[in-house]
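Observations on the three-dimensional arrangement
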Amino acid sequence: AGVLTACGGSSSSTAASSTAASAAGSAAASGDTIKIGVMGPLTGNVSVYGQAVVNGASLYLKQVNANGGINGKQIEILTEDEQGDATQAVNCFTKMVDEGITALVGDVTTTPTLAVAAESADYNMPMVTASATAEAVTYDAETDTVNENVFRATFTDPFQGIKMADYAYQKLGYTKAAVIFKKGADYNEGLAENFVNEFLGGTIVDQESYSDGDVDFKTQLTSILGKGPETVFCPNYYEEVGQILSQAESVGLNVPFLGGDGWDGLEGYATADQLKDSYFCANYAKGSSPEFEDAYKAEYGEEYPNGFAPLGYDAAKTVVYGVQAAEDAGLEAGTDEYKQAVNDAIASGTIEGITGTFTFDEHHDPVKKTAILTYVDGKPELKEMF
């Protein structure tokens, strides 16, 4: 069963949250279904990511139902469109809490996820984001505080920057690198900063940035060209990366570029020549799980769109892993004991996901290998796990 709406209204106060939590406990405890929320931007500028996560998560939850549910109980999927907006995301979350969800798959992008994570703490609501990569989603470094009810299926921004720096130096043998990134964005800055800090033994010859909305990168690329790098780390999203690669070619900067998971989908925005010898890291490589890919196509009538769909699948699998533990313990859905049991099970569990088998570290981040992809005839292919 699914429900899809956009949310209105305003965020509740802590006192109102407590009242809503009590009401939600009653709602969750009634009936023979287990309500699980799935949230994402299904409309708006980042809907390509939200739809993929929601579809992937919903696919797994439907498969659980088809296999008999959780201890005989069917999962009721409550789906909300937060339109890529942090305020809407909080409204959607509190609405689903009122409707009795026992756990949440979501949110998708970093800013709304941070807002929902802050709100969810009042309820200790188990929450697994498929794709929000900022460190602060699960862990506040300034206060050294872990968000006890929040987990993620994807790796973090720092993890990606570190992995690509190590891969560039240790595996590809580059000793001189430049970086170009969008400033003012957690994702881009996080990857760039950690790449620079981790490129040990090598030299960062230039760091260039640009602002949101910029479409002309030739000044930055010409500066990089003058510094003679062997590679350029470009931790940006695929549409901008396509523009950057095209303009790099036009100014004569023909070295290989490297990137993070924001490159997923880049093949439609760059030529095979521009992508030659380039590498990026991702959670999932096409072909890794034919069963998932075939099931996705059967359910939705199309190929899975990007790596956010398998991450959504694994986020839902993580939630169900925790809910299963609470149900096995005979706890009452919606109670404090039930939610804590879900969180405890996830924190100590091992998830056999399609993006890899993973556990969770002390910051609730997954411990797993990274897929390194390169381009063959302009199409991404798995090079190796690293």
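Figured I'd write up the structure that's included with this text. In every chain, residue numbers begin from 1 and rise along the written sequence. Given that this is a predicted model, residues contribute local features only at a pLDDT of at least 70 and side-chain atom pairs are listed and counted only at 80 or more, while totals for whole chains, interfaces and linings are drawn from all residues. Hydrogens and water are ignored here; the side-chain numbers use all heavy atoms of the structure.

Let us look at the pattern of salt bridges. Within this document, salt bridges are pairs made up of a side-chain nitrogen of Lys or Arg and a carboxyl oxygen of Asp or Glu, the two lying within 4 Å of each other. For the structure shown, the criterion picks out 10 salt bridges. Each of Glu80, Lys95 and Glu99 takes part in a single network of salt bridges with overlapping partners.

Mapped onto the elements, Thr350 comes out in the loop between helix H12 (336-348) and strand S14 (351-353). Along the primary structure Thr350 and Asp81 are separated by 269 residues, whereas in three dimensions their C-alpha atoms are 30 Å apart. By definition in these notes, contact holds between two residues if any of their heavy atoms fall within 4.5 Å. Aside from chain neighbours lying at most four places away, what touches Thr350 is Tyr321, Thr357, Phe358 and Thr359. Secondary structure follows DSSP: runs of H or I at least 4 residues long count as helices, runs of E at least 2 residues long count as strands, and numbering of each begins at the N terminus.

Right, let's get into the packing of aromatic side chains. Two rings from Phe, Tyr or Trp (for Trp, the six-membered ring) form a pair when their centres are within 6.5 Å of each other. A pair whose planes differ by under 30 degrees is stacked, one over 60 is edge-to-face, and the rest are tilted. Per the stated rule, a full pass over the model turns up 24 aromatic pairs. Measuring from ring centre to ring centre gives 5.5 Å for Phe93 and Tyr123, while their planes differ by 75°; the resulting arrangement is edge-to-face. Taken as a pair, Phe93 in helix H3 (residues 86-98) and Tyr123 in the loop between helix H4 (110-120) and strand S5 (127-129) lie far apart in primary sequence, 30 residues in all. Each residue's exposure class comes from its accessible area (1.4 Å probe, protein chains only) as a fraction of the maximum for that residue type: buried when under 20%, exposed when over 50%, partly exposed otherwise. The exposure class of Phe93 is buried, given its relative accessible area of 0%.

In this section: the layout of surface pockets. Volume-wise, the largest pocket comes out at about 810 Å³. In terms of lining residues, the largest pocket is bounded by 28 residues, among which Val46, Tyr49, Thr109, Lys182 and Tyr237 are the most central. Only helix H2 (47-66), H4, helix H6 (186-198) and helix H8 (238-251) provide two or more residues apiece to the lining of the largest pocket. In this structure, the second largest pocket encloses a volume near 370 Å³. Asp264, Glu267, Lys286, Tyr304 and Pro380 are, among the 17 residues lining the second largest pocket, the residues nearest its centre. Elements with a minimum of two residues in the lining of the second largest pocket: strand S13 (279-282) and strand S18 (379-385). In terms of residues, the lining of the second largest pocket owes the most to one element, S18, which gives three residues. A 1.4 Å probe that fits into a set of points on a 1 Å grid over the protein atoms alone but cannot get out defines a cavity; an open set with protein on both sides within 12 Å along at least five of seven lines defines a pocket, and lining residues are those with an atom within 4 Å of a point. Grid points are joined across faces, edges and corners, and a volume is the space filled by probe spheres set on the points.

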